[in-house]
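Here is how the chains run, residue by residue.
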Amino acid sequence: MSRKNFIAGNWKMNTTADQARALAQEVVAVVGQVDDVDVAVCPPYTNLATVAEVIKGSNVKLGAQDVHWEPKGAFTGKVSCDMLKNVGVTYVIVGHSEQRSYFGETDETVNKKTKAVLAADLLPIVCVGETLEERKSGSMDKVIDRQVRGAFDGISAQDAEKCTIAYEPVWAIGTGETASPEQANQAHVFIRKIVSELFGEQISNIIRIQYGGSMKPDNAKALLAQSDVDGGLIGGAALKAGDFAGIVQPK
Ligand code: 13P
């Protein structure tokens, strides 16, 4: 089964509007015409409209880093799917480990967000991954199983097919420590098996699973060569267009 690789840059809480415009221009210059890999950038909310303008006409798509599940109303500080869609967003990251660990994200809120994103005809990137403690204590499989089943609870196979899953081991995020290609692939195979149990083998073969956690130009090739690694969700290295390009098209 060949799946088209999908590389997304998660800019996290980095870039002012001016910096975002400049970075997006550089990204378009280096990977804007790539068509054998899907490419997206996910700037902070305040820079979505700015980046949308810059990437127009290129193959780079726009993603948001989070969303609220309610359509509108008295939810101070939150942003809805319609608001994202209206500024040109295609993808929405949900359940990032930083949301889970710092901002009270639960499997239940990940599920609500995933459903809202799908209902708005946007494409979710659902993040899962174990902490170092969970890996060391042997509860990694249980945690990932819970996160995947929780995120997809009540979602149809037809909708599940539109989702990307990002496997981001928490211990590898921003630490410079990367899962080995074998470790990553093992987790991806495990995740695909859960998806297969939930939605059948055909859907599980379609869904792309990105790896995230200190992915860089020098380790991207080996990670992407694995059978079940279908791209990357890139943090730090996405803030330099040259490094990002080196992951989109690794040498
Ligand atoms: P780093 O690439 O900085 O480790 O971040 C990974 C990540 O969290 C992407 O969402």
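Undergrad: How would you sum up the overall build of the protein chain? Please name residues and give values.
TA: Secondary structure assignment for the protein chain yields 12 helices and 8 strands. In the protein chain, which comprises 251 residues, the proportion classed as buried is 54%. Once local pairs closer than 6 in sequence are excluded, the contacts in the protein chain between residues at least 24 apart make up 73%. Surface accessibility of the protein chain: about 11300 Å² in total, with carbon and sulfur atoms responsible for 50%. Here the protein chain contributes 26 positive and 31 negative side-chain charges, whose respective centroids are spaced 2 Å apart.

Undergrad: Requested: an account of the site of the ligand, with residues and values cited.
TA: In the vicinity of the ligand, the contacting residues are Asn10, Lys12, His96, Glu168, Ala172, Ile173, Gly174, Gly213, Ser214, Leu233, Gly235 and Gly236. In this structure, an oxygen atom belonging to the ligand sits 2.8 Å away from a side-chain N or O atom of Lys12. Within the side chain of Glu168, one N or O atom sits 2.9 Å away from an oxygen atom of the ligand. Considered on its own, the ligand offers 310 Å² of accessible surface; in the complex 94% of this is hidden by protein. In terms of residue class, the shell around the ligand is made up of 3 nonpolar, 7 polar and 2 charged.

Undergrad: Would you mind going over the packing of aromatic side chains in detail, with residue names and values included?
TA: Per the stated rule, a full pass over the model turns up 4 aromatic pairs. Residues Tyr167 and Tyr211 carry aromatic rings whose centres are separated by 6.4 Å and whose planes lie at 55° to one another, so their mutual orientation is tilted. On the criterion of sequence distance, the pair formed by Tyr167 in strand S6 (residues 164–167) and Tyr211 in strand S7 (residues 208–211) is long-range, its members being 44 residues apart. For the pair shown, Tyr167 and Tyr211 are each scored as buried.

Undergrad: Before we move on, could you go through the packing of helix H5 (residues 107–119) against helix H7 (residues 140–151) and cite the residues and values that matter?
TA: Following both chains from N to C, one finds H5 and H7 inclined at 35°, their axes separated by 8 Å at the closest point. As for how H5 packs across H7, the hand of that crossing is right-handed. Note on element contacts: H7 touches H5 through Arg146, Gln147, Gly150 and Ala151, opposite Asp107, Val110, Asn111 and Thr114. Among the residues forming the contact of H5 with H7, the class breakdown is 2 nonpolar, 4 polar and 2 charged.

Undergrad: Hey, could you go over the pairing of strand S8 (residues 231–234) for me, with residue numbers and the actual values?
TA: Burial of the side chains of S8 extends over both faces: Gly231 and Leu233 are buried on one face and Gly232 and Ile234 on the other. Judged from the 4 bridges that link them, strand S1 (residues 6–10) and S8 form a sheet pairing that is parallel. Of the residues in S8, the one forming a bridge with Phe6 is Gly231.

Undergrad: So what's going on with the pattern of salt bridges? Residues and values would help.
TA: Enumeration over the complete set of coordinates arrives at 18 salt bridges. For the salt bridge of Arg3 with Asp230, the shortest nitrogen-to-oxygen distance reads 3.0 Å. In this pair, Arg3 is assigned in the segment before S1 and Asp230 in the loop between helix H11 (217–224) and S8, connecting sequence segments 227 residues apart. There is no split in this pair, since Arg3 and Asp230 are both buried. Between Lys113 and Asp66 there is a salt bridge, with the nearest N and O atoms lying 2.9 Å from each other.

Calculation notes
Residues numbered from 1 in each chain as written. Predicted model: local features only at pLDDT ≥ 70, side-chain atom pairs only at ≥ 80, totals over all residues. Heavy atoms only, no water. Helix = DSSP H or I, 4+ residues; strand = E, 2+ residues; numbered from the N terminus. Buried < 20%, exposed > 50% of the residue type's maximum accessible area, 1.4 Å probe, protein only. Contact = heavy atoms within 4.5 Å. Areas by Shrake-Rupley, 256 points an atom, 1.4 Å probe, with all protein chains shown as cover. Lys, Arg positive; Asp, Glu negative; His and termini not counted. Charge placed at Lys NZ, Arg CZ, Asp CG, Glu CD. Near = heavy atom within 4 Å. Polar contact = N/O pair within 3.5 Å; in protein donor to acceptor, adjacent residues only side chain to side chain. Nonpolar A, V, L, I, M, F, W, Y, C, P; charged D, E, K, R; others polar. Phe/Tyr/Trp six-rings, centres within 6.5 Å; stacked < 30°, edge-to-face > 60°. Axes fitted to C-alpha atoms, helices over the stretch in contact; angles between N-to-C directions. Left-handed = near helix turned anticlockwise from the far one by under 90°. Pairing = 2+ DSSP bridges. Salt bridge = Lys/Arg side-chain N within 4 Å of Asp/Glu carboxyl O.

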